[in-house]
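# Notes for the structure review
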Amino acid sequence: MQPIQSPSFAVSQPFPKDAMHRSRQLLAAVAAGLPPGLSELAQQVRAQHARFDAEFGELARLLAVDLDMLVLANVSYDLFLSLGCSTVAVATDRGPVVARNMDWWPEDLLARASCRLAYGDPDAPTHWQAGWIGAVGAVTGMSAR
């Protein structure tokens with residue numbers, strides 16, 4: 001699987017259109033599963049985690065989705081599920097192998113939207129992350145070291 005180069009939030013680079021479409025489908029399904037009237041909660045999350053505000057704002061703009069909905073989608077796992085994702089890391093002769101089972105809904109859309117994102121210089125990324133376009137922070141990642 002080729003990594004999708006993540007945009008720098010100072011200078012945005014476009015994501016592939018098909019990956020953006022799959023992420024919008026995932027976000028719409030998550031939003032549909034959230035109870036109404038959580039806008040104030042989204043604003044509280046943003047206030048407590050202001051360091052992610054630029055990233056939330058730019059991703060909402062790039063994906064053309066509501067900012068509060070994007071914030072709520074990012075914290076929905078923490079708010080509404082009590083499961084934990086199973087993770088394994090194995091040292092091999094060719095380097096580490098990291099695997100994670102994403103125990104989150106909607107499973108089918110999450111599987112289609114999941115991708116490996118590369119951050120930093122396209123020729124020498126500083127780190128990689130497993131996730132989906134619109135996810136803020138790292139679910140599972142690995143540095144260049």
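These notes cover the structure that comes with them. (Residues numbered from 1 in each chain as written. Predicted model: local features only at pLDDT ≥ 70, side-chain atom pairs only at ≥ 80, totals over all residues. Heavy atoms only, no water.)

As a further point, take the pattern of salt bridges. Evaluated as defined, the whole model comprises four salt bridges. For R22, the salt bridge is made with D18, and the minimal N-O distance between the two is 3.1 Å. Pair noted here: R22 and D18 are both in helix α1 (residues 17-32), with a separation of four residues, about one helical turn. With relative accessibility at 25%, the residue R22 sits in the partly exposed group. A relative accessible area of 45% means that D18 is categorised as partly exposed. Here R46 makes a salt bridge to D53, at a shortest N to O gap of 2.8 Å. (Salt bridge = Lys/Arg side-chain N within 4 Å of Asp/Glu carboxyl O. Helix = DSSP H or I, 4+ residues; strand = E, 2+ residues; numbered from the N terminus. Buried < 20%, exposed > 50% of the residue type's maximum accessible area, 1.4 Å probe, protein only.)

In this section: the pairing of strand β5 (residues 124-131). Looking down a regular strand, the side chains alternate between one sheet face and the other. In terms of strand pairing, strand β4 (residues 115-121) meets β5 through seven bridges, oriented antiparallel. Looking at the pairing, R116 lines up with A130 of β5. Linking two consecutive strands that pair antiparallel, namely β4 and β5, is a turn of two residues. (Pairing = 2+ DSSP bridges.)

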